[in-house]
Amino acid sequence: MAVCARLCGVGQSRRCRRRQRNEQQDQGSDSDMDEEEGERIVGQTQMRADAGCSGGPDSAVASAGPSDAGEDGSGHVNTAASSRGNSRPPQSLAELPPELLVEIFSLLPGTVLPNVALVCKKFRQILNTETIWRKRCMEEFGMNEDLRKMEAGGVCSQDLYVKLLHPYRHILGLWQPDIGPYGGLLNVVVDGLFIIGWMYLPPHDPRVEDPMRRRPLFRIHLLESKKATVECMYGHKGPHKGDIQTVKKDEFSTKCNQTDHHRMPGGRQEEFRTWLEEEWGRTLEEIFHEHMQELILMKFIYTSQYDNCLTYRRIYLPPARPSDLLHPGLFKGTYGSHGLEIVMLSFHGSSARATKLTGDPNVPAGQLTLDIDLRRPVVLPDLEQQRNIEELSRLVLRIHEEVQGDAGQHDSEAPPTAKSAEEEGACGGTSGPEPEEVDHGACSGSCQPGPSRSSSPPEAQPFVLPLGVMARNEVYPRTCRKCFYGTGLIAGHGFTSPERTPGLFVLFDEDRFGFIWLELKSFSLYSRLTDHLPHAHAPNMERFEAMLRNMQSWTS
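Residue positions are given per chain, counting from 1 as you read along its sequence in written order. Only residues with pLDDT of 70 or above have their local features reported here, since the model is predicted, and side-chain atom pairs are shown and tallied only from 80 upward, although totals for entire chains, interfaces and linings are computed over all residues. Processing note: side-chain calculations cover all non-hydrogen atoms of the structure and skip hydrogens and water entirely.

The name recorded for the protein chain in an unreviewed UniProt entry is F-box protein 31, from Oryzias sinensis. UniProt positions are given in the numbering used here, feature names are shortened, and annotations may be inferred rather than shown by experiment. Comment text from UniProt for the protein chain, heading Sequence similarities (unreviewed entry), reads "Belongs to the FBXO31 family." UniProt, in its Pathway (unreviewed entry) section for the protein chain, records the words "Protein modification; protein ubiquitination."

So, in structure tokens, the structure goes:
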């Protein structure tokens, strides 16, 4: 009985109480208790009531004796104590059975459990239960079967949560590395018993519909000691010592402490050949375009400066709404000699916007590459006329002139209304020709409202690229759902003389769209990135739009 009292900390176990009730029913009419024994029981009951939970488990154990189990030393049933236990329900959380407290504590967020442990010694002892921390690891970080393997290896779930998952929870999610105009996409996830930072690389040009490639940049684990260990994964000599520092909210940096692991025996030439094979899937001799060779060599020289230290800024996936034309998210698209790049498609009222996550020396990462006016649909002619670039240009440029006319008329009228200010704020923080791009949201009375995903999908219509329009990928969909007027951002080397040029947005299906750049006479095909990206969704639309403004300021 004393063991039960010690485990519970404040009283008997469930088995003890069940035996009390059975014995009480059998001997409920027994009134042979003498006066002296009754006084002793009343005294002990009063002592326990005075002690309560403030005395902790030790005081409960100290008072635990034969009477606490419902019996005296001679084996007689203590009916007074038994009736008191049945009639008096728990007066506080601390009086609940330990198994019930384990269930309650396992439902609490792991961030508040340290405060629970400060309440009393009993709570602190119960919080050492492995079940609580295992459930926290599973529900908060998606861990499952790996926990059993880890516990078999000598690392408990509590250590995993307290020393690894909780301290580094702020770096989980999507990040954009600060690599000048090139940007990038880093996804930090809990992967087995590790926290790994995966750098996402587009497929080899021009296979835009192939899956993304991943390369680990760093990892954190508890395998070798009870302390979290950070390792750099860059280079070709295996994991080596690294460091992670939190610069400020939504920003952190990584540092390699052994950069000699990044070097190759053959020097820079061997490093360049290896990088080219990983980045482009080919050798320099197989790339015949001289301008493309220059761009590739420039990117290698620039990015290799960041192999020992990198800074990352948090990015979010765009929120989805039922009225969106298609589900927003990340897409990989073709950008001529620059290869494949990653863009983020989001919806803002009557416009759809694609923001670059990876960029190039002409239009860097963070810039608004496409701005689509969903209130200005374009009806395609028959296939024969679609092949004529002049016919397509006539349709799009006519809408472009209407937009410019509406913008000029809007500027000559009164100051912007609350509606126009809201539309402009959806992508604020831009420079150069951005005000012109924002005014594309103005619409004449003949415009139709933006389409809704809730309505039935439109019938597919034939589509073909006009003759003379260059496409990196000759294999593209030959049917489309809808087309809209839009503008694309072009600029000279070093992001000089940026301007928005009219073009045609083509929606093929839920996972693919394209854009015809009329001035460049080129076609970009975009395909959805289907990888699972946990911890990446924006809390709300305001936070997402603030992130877009910050992204543009990073590279402007």
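Enquirer: Tell me what's going on with the overall build of the protein chain, and back it up with residues and numbers.
Expert: If you tally the helices and strands in the protein chain, you get 18 helices and 19 strands. The burial tally for the protein chain puts 47% of its 556 residues in the buried class. Of the contacts made within the protein chain by residues no fewer than 6 positions apart, 61% connect residues no fewer than 24 positions apart. For the accessible areas, the method is Shrake-Rupley and the probe is 1.4 Å, while residue cover comes only from the protein chains on display. Roughly 27,300 Å² of accessible area belongs to the protein chain as shown, and the carbon and sulfur atoms make up 52% of that amount. Each helix is a run of H or I in the DSSP string that is no shorter than four residues. Each strand is a run of E no shorter than two, and both are numbered from the N terminus. Using a 1.4 Å probe on the protein chains alone, a residue whose accessible area is under 20% of its type maximum counts as buried, one over 50% counts as exposed, and one in between counts as partly exposed. A contact between two residues is defined here by any heavy atoms of the two lying within 4.5 Å.

Enquirer: Could you give me a rundown of the side chain of His 204, with the residues and numbers involved?
Expert: Note on placement: His 204 falls in the loop between β3 (194-201) and β4 (213-221). For His 204, a relative accessible area of 18% gives the class buried. Looking at His 204, its side chain comes within polar contact range of the main-chain oxygen of Glu 278, at 3.2 Å. By the criterion applied in these results, polar contacts are pairs of N or O atoms within 3.5 Å in which, for protein atoms, one can donate a hydrogen and the other can accept it, and in which residues neighboring in sequence qualify only through two side-chain atoms.

Enquirer: How would you sum up the pairing of strand β1 (residues 173-177)? Please name residues and give values.
Expert: Buried residues dominate β1, accounting for five of its five residues. Both β1 and strand β2 (residues 186-191) contribute to a ladder of three bridges, which runs antiparallel. Within the sheet, the bridge partner assigned to Gly 173 lies in β2 and is Val 188. Paired strands are those between which DSSP finds at least two bridges.

Enquirer: Any chance you could break down the pattern of salt bridges for me, citing the residues and the numbers?
Expert: A pair is scored as a salt bridge if a Lys or Arg side-chain nitrogen falls within 4 Å of a carboxyl oxygen belonging to Asp or Glu. Evaluated as defined, the whole model comprises 25 salt bridges. A salt bridge links Glu 231 to Arg 219, with the shortest nitrogen-to-oxygen separation between them at 2.6 Å. Of the two residues, Glu 231 is situated in strand β5 (residues 229-232) and Arg 219 in strand β4; the sequence distance between them amounts to twelve residues. According to the relative accessible area criterion, Glu 231 is buried, its value standing at 10%.

Enquirer: I'd like to hear about the packing of aromatic side chains, residue by residue, with values.
Expert: Each pair of aromatic rings taken from Phe, Tyr and Trp, with Trp reduced to its six-membered ring, is defined by centres within 6.5 Å and is described as stacked if the planes are under 30 degrees apart, edge-to-face if over 60, and tilted in the remaining cases. Inspection of the entire model under this criterion finds 21 aromatic pairs. A centroid spacing of 4.8 Å and a plane angle of 90 degrees characterise the contact between Trp 175 and Phe 252, whose relative ring orientation is edge-to-face. Linking Trp 175 in strand β1 with Phe 252 in strand β7 (residues 251-256), this pair joins segments that are 77 residues apart in sequence. You'll find Trp 175 and Phe 252 in the same group, each marked buried. Geometrically, the ring pair formed by Phe 218 and Phe 252 is edge-to-face, given 6.2 Å between the ring centres and 80 degrees between the ring planes. Taken together, the residues span a long stretch of sequence, with Phe 218 in strand β4 and Phe 252 in strand β7 at a distance of 34 residues. Charge over a ring is defined by NZ of Lys or CZ of Arg lying within 6 Å of the ring centre and within 35 degrees of the ring normal. If you follow Arg 478 out to its NZ or CZ, it ends over the ring of Tyr 476, 4.1 Å from the centre.

Enquirer: Tell me about the sheet that holds β4, residues and numbers included.
Expert: Taken in spatial order, the eight strands line up as β1-β2-β3-β4-β5-β6-β7-β8 and close into a barrel, and their pairing is antiparallel. The average angle at which neighbouring strand axes cross in this sheet is 35 degrees, direction not considered. All axes are obtained by fitting lines to C-alpha atoms, using only the stretch in contact for helices, and the reported angles, taken between N-to-C directions, cover 0 to 180 degrees.

Enquirer: Please provide a residue-by-residue account of the packing of helix α9 (residues 130-141) against helix α11 (residues 157-165), values included.
Expert: The N-to-C vectors of α9 and α11 enclose an angle of 45 degrees; their axes lie 7 Å apart at closest approach. Between α9 and α11, the angle is such that the two are oblique. Between α9 and α11, the residues in contact are Glu 130, Trp 133, Arg 134, Arg 136, Cys 137, Glu 140 and Phe 141 and Ser 157, Gln 158, Leu 160, Tyr 161, Val 162 and Leu 165, respectively. Angular relationships are summarised with four words: roughly parallel below 35 degrees, roughly antiparallel beyond 145, roughly perpendicular across 65 to 115, and oblique for the angles in between.

Enquirer: Quick rundown of the confidence of the model for the protein chain? Include the residues and the values.
Expert: pLDDT is a residue-level measure of predictor confidence that goes from 0 to 100. Residues with a pLDDT of 70 or more make up 73% of the protein chain, whose mean pLDDT is 76. The least confident element of the protein chain, judged by mean pLDDT, is helix α17 (residues 434-438) at 35; the most confident is strand β18 (residues 512-517) at 96. Counting contacts from residues 26-85, a segment whose pLDDT is below 50, to residues more than four positions away or on other chains yields 54 contacts. Per-residue pLDDT stays below 50 along residues 416-455; that stretch engages in 74 contacts with residues further than four places along the chain or on separate chains.

Enquirer: I'd like a description of the pairing of strand β9 (residues 329-334), backed by residues and values.
Expert: For β9, the tally of buried residues reaches six of six residues, placing the bulk of the element in the interior. The pairing of β9 with strand β10 (residues 340-348) spans six bridges and is antiparallel. When the bridges of β10 are listed, Leu 330 appears paired with Met 344. Both β9 and strand β19 (residues 522-528) contribute to a ladder of three bridges, which runs antiparallel. The residue of β19 that forms the bridge with Gly 333 is Tyr 526.

Enquirer: Please set out helix α13 (residues 290-303) residue by residue, giving values where relevant.
Expert: The end-to-end C-alpha distance of α13, which contains 14 residues, comes to 20 Å, matching closely the 20 Å that a straight helix rising 1.5 Å per residue would cover. For α13, the set of buried residues is Met 292, Leu 295, Ile 296, Phe 300 and Thr 303. End-on view of α13: buried residues confined to an arc of 135 degrees, all on one side of the axis. The secondary structure elements touched by the buried residues of α13 are α12 (267-280). Expected span, for any helix, means 1.5 Å times one less than how many residues it has. This arc corresponds to the set of directions leading from the helix axis out to the C-beta atoms.

Enquirer: Provide a residue-level description of the nonpolar core, including the pertinent values.
Expert: The nonpolar side chains of a soluble globular protein tend to be buried with one another. Here, nonpolar core refers to any group of buried Ala, Val, Leu, Ile, Met, Phe, Trp, Tyr and Cys residues whose side-chain atoms link them within 4.5 Å. Core analysis: the largest hydrophobic core is formed by 42 residues, its most contacted members being Leu 164, Ile 171, Val 188, Ile 195, Phe 218, Ile 220 and Phe 252. Non-local contacts of Ile 220, meaning those with residues more than four positions away in its chain, are made with Leu 164, Tyr 168, Ile 171, Leu 193, Phe 194, Ile 195, Ala 228, Thr 229, Val 230 and Ile 244. Counting 25 residues, the second largest nonpolar core, distinct from the first, contains Ile 389, Val 469, Tyr 485 and Phe 523.

Enquirer: Could you give an account of α9, with specific residues and numbers?
Expert: Taking 1.5 Å per residue as the helical rise, α9 with its twelve residues ought to reach 16 Å, and the 16 Å between its terminal C-alpha atoms agrees with that figure. Looking at α9, one finds that the buried residues are Glu 130, Ile 132, Trp 133, Arg 134, Arg 136, Cys 137 and Phe 141. Directly after α9, the chain includes Gly 142, whose backbone phi takes a positive value near 70 degrees.

Enquirer: Tell me about the environment of Pro 361, and please be specific about residues and values.
Expert: Within the element layout of this structure, Pro 361 appears in the loop between β11 (351-356) and β12 (368-377). Residue Pro 361 is classed as buried on the basis of its relative accessible area, which comes to 10%. Residues Pro 361 and Phe 495 lie 134 residues apart in sequence; the distance between their C-alpha atoms is 6.6 Å. When sequence neighbours within four positions are dropped, the list of residues in contact with Pro 361 reads Pro 181, Tyr 182, Met 298, His 338, Gly 492, His 493, Gly 494 and Phe 495.

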